[in-house]
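In case you want the letters, here they are:
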Amino acid sequence: MNATVENVIRISGLRTQFGSNVIHDDLDLDVRRGEVLGVVGGSGSGKSVLLNTIIGLNQPAAGSIEVLGTKTQGLSRKESRTLRSRWGVLFQQGALFSSLTVAENIQVPLKEYTDLSREMRNAVTALKISMSGLPMDVCSKYPSELSGGMKKRAGLARALALDPEILFLDEPTAGLDPIGAAAFDDLIADLQKSLNLTVVMVTHDLDSLYAITDRIAVLIDKKVTIGSLEELRQNPHPWIQDYFHGPRARAATETQQETQVEV
Amino acid sequence: MEPIQSTSSRKAADATLEHRIDDGVLAVGVSGHWVIANANSLGKLAKEINADGAARAVIDCSGLERLDSTGALLLHKIRQKIEQAGGAVVIKGLSDAHRPLLDYAAAIGRGTALPERAHHPLLAMVERLGRGAVAACHEARNLTNFLGMTVLSAVRSLLNPGEIRFVSVISHIERTGLNALPIVGLLSFLIGVVLAFQGADQLTRFGADIFTVDLLGVSIFREMGVLLTAIVVAGRSGSAFAAELGTMQVNQEVDAMQTMGLDPVDILVLPRMLALVIAMPLLAVFANLMGVAGGGLMVVLTLDISVAQFVERLSSAVSTQSFWIGIIKAPVFGLLIALTGCREGLLVTGSAESVGVHTTRAVVISLFLVIVADAGFSILFSVLGI
């Protein structure tokens with residue numbers, strides 16, 4: 001990385017609210033290029049809301065959000081399309097279009113944003129399918145014929161279709177078995193290195209937090225506390241202490257240390 | 001280390017691909033932005049590379065500014081093409097930032113191609129027709145199966161009347177019968193008005209105004225009243241049954257029921273079926289009355305016929321038999337609607353989208369069955385000479 005770290009996402013003074021219910025208040029968050037940022041927080045702390053606000057599904061009540069040097073509010077249709085082609089989003093259940101096959105799903109952004117020939121488009125689709133670790137025969141299947149893990153991989157392939165610079169993941173390992181979850185973590189880490197992605201990941205999975213994140217943003221009291229795992233372990237806030245020193249966290253730390261010893 | 005992608009926009013910037021042969025060495029020059037936006041033109045250029053007769057090839061990547069996975073795939077394909085033609089390939093000048101991506105594309109790009117599905121459009125049409133026919137046969141078989149299952153359960157319940165869930169039956173009668181009264185009544189009334197109006201229009205030409213009452217009475221009592229009721233109920237309750245049971249299926253409530261040793265047919269299907277079998281004839285009677293009322297109003301207002309004349313004519317035109325011929329069909333229609341609705345509901349699998357599909361199917365199939373059954377009744381009655 002360069003000496004001057006480039007922030008691909010800059011959020012300052014963000015406030016989101018539904019009616020009189022304030023979710024985030026005066027929240028600041030910077031995401032650096034090339035890092036994997038985990039977003040954690042208790043249920044109802046607004047992790048998914050934060051993600052939705054960054055990607056423009058939610059309008060903030062106050063504050064500014066800048067993604068890849070562009071303010072996300074008040075964009076023209078064209079500017080907003082350009083910005084949206086530079087990030088990819090993987091929703092919790094994959095959010096594949098149910099009336100399209102996996103291959104057609106991946107081709108939706110390719111058809112919308114590029115003028116690739118059919119041949120080239122098929123080649124790119126095949127590349128993305130194998131990138132996400134799916135066998136080639138899934139391409140003609142419909143989402144309803146896939147297992148949960150495969151849906152997520154197919155959703156990831158679609159999110160990666162345009163080689164985005166930022167990848168947003170909403171609970172990528174939720175609902176996967178531990179082996180599947182670990183494989184998915186590896187896949188994300190692998191893709192992140194190869195494609196030099198910036199990854200913002202909402203997760204509850206302590207194992208994935210320990211395995212692949214560079215920094216962790218904790219949503220507490222409507223604000224963000226950010227730091228590396230070590231820094232957060234030293235943080236005296238009771239919720240953070242509970243989170244990183246609870247029984248599950250201890251188990252995850254142990255597994256992580258064991259794997260490191262083996263390596 | 002420079003970031004692979006600059007923050008500039010995705011607009012196609014320059015990308016070039018040069019190639020020439022020097023002393024049997026194929027020199028390929030790669031420069032500019034090898035990204036998805038340029039993939040089309042680069043793909044065309046790559047096709048022009050003639051790899052024959054080159055024992056060695058050098059791909060010079062020193063001018064490469066940006067590379068994404070599509071660009072890496074192209075680059076890998078060029079390398080592969082030359083290697084397949086028998087040349088040894090050296091890649092030089094590739095920056096450290098781009099190397100992992102090319103390695104990655106090389107590692108996973110092996111043998112990745114979408115399988116092409118070749119089919120003749122005419123053949124596909126015949127195939128679809130065949131599949132449709134087979135599916136219809138399956139449907140008929142499965143529905144018969146389900147009917148058998150429900151009848152068994154009904155017989156069992158009738159032998160042990162204590163097992164029938166009367167509260168549930170009553171509640172379904174309320175929802176499917178009582179709550180349907182306004183819409184069934186209004187529609188029948190309007191159809192009565194239309195029938196009387198059309199009949200009067202034709203019959204007055206022959207001076208046979210009074211036969212409008214016969215036309216109205218016979219068609220409402222024998223056919224229209226009950227058919228209209230069935231159509232409304234299929235749209236209202238058949239779809240509701242499918243959606244309710246489907247949602248329960250999605251939430252695994254039906255599975256939970258089975259693990260507790262409860263039979264979903266006893267608990268979910270039978271009460272709905274009984275409710276419709278009871279509610280349909282009652283609704284049909286109401287529909288008949290409203291239809292005659294609507295038609296009667298029209299007749300009295302537009303023709304020179306008094307209320308007393310109308311009532312007298314009606315009672316001579318419509319026999320008790322006509323009334324029963326209409327009403328006897330109602331429980332059968334109710335049975336068909338409940339059966340299709342519940343069966344489609346129980347066929348729902350897992351997803352929310354499946355609920356929508358099966359709800360639609362429930363309405364279409366039950367309407368189809370109701371009209372087929374009505375035709376069957378007509379044939380039966382004409383054979384019996386009623």
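Chains are numbered independently. Their residues run from 1 in the order of the written sequence. Chain labels run from A onward and ligand labels from 1 onward, assigned in the order the entries are written. Where local features are concerned, this predicted model is filtered to residues with pLDDT of at least 70; where side-chain atom pairs are given and counted, the filter is 80 or more; whole-chain, interface and lining totals use all residues. To obtain the side-chain values, all non-hydrogen atoms of the structure were used and water was disregarded.

### Some thoughts on the overall build of chain B
Each helix and strand in chain B was counted, giving 12 helices and 4 strands. Here the radius of gyration uses the C-alpha set of atoms, whereas the globule reference equals 2.2 Å times the residue count to the power 0.38. Computed over C-alpha atoms, the radius of gyration of chain B comes to 37 Å, more than 25% over the 21 Å expected from 2.2 N^0.38 for 386 residues, which places it beyond the range of a compact globule. With the C-alpha coordinates of chain B rotated into their principal frame, the extents come out at 115 × 60 × 45 Å. Looking at chain B residue by residue over its 386 residues, the buried ones come to 45%. In chain B, 82% of the contacts between residues at least 6 apart in sequence involve partners at least 24 apart. Here the Shrake-Rupley method, with its probe set to 1.4 Å, supplies the accessible areas, and only the displayed protein chains count as covering residues. Entry remark: accessible area of chain B is about 19500 Å², with carbon and sulfur atoms responsible for 65%. By definition, any uninterrupted DSSP run of H or I lasting at least four residues is a helix, any uninterrupted run of E lasting at least two residues is a strand, and each is numbered from the N terminus. Exposure is judged per residue with a 1.4 Å probe applied to protein chains only, and the accessible area is read against the type maximum: over 50% gives exposed, under 20% gives buried, and values in between give partly exposed. Should any heavy atoms of two residues lie within 4.5 Å, those residues are counted as being in contact.

### Brief notes about unusual backbone geometry
Residues and elements named next belong to chain A. Of note in this structure, L68 is not a glycine but carries a positive phi near 50 degrees. Phi at E171 takes a positive value of approximately 45 degrees, unusual for a residue other than glycine. Of note, E171 is situated in the loop between β7 (166-170) and α6 (178-195). By relative accessible area, E171 is classed as buried at 13%.

### What about the sheet that holds strand β2 (residues 21-32) of chain A?
Residue and element names in this part refer to chain A. Strands are treated as partners if at least two bridges between them are detected by DSSP. Reading across the sheet, the 4 strands line up as β2-β1-β4-β5 and stay open at both edges, with antiparallel pairing between neighbours. With one partner strand each, in any of the chains shown, β2 and β5 (70-71) form the two edges of the open sheet. Pairing between strand β1 (residues 7-18) and strand β4 (residues 62-67): 5 bridges, direction antiparallel. Bridge assignment links I11 to a residue of β4, and that residue is I65.

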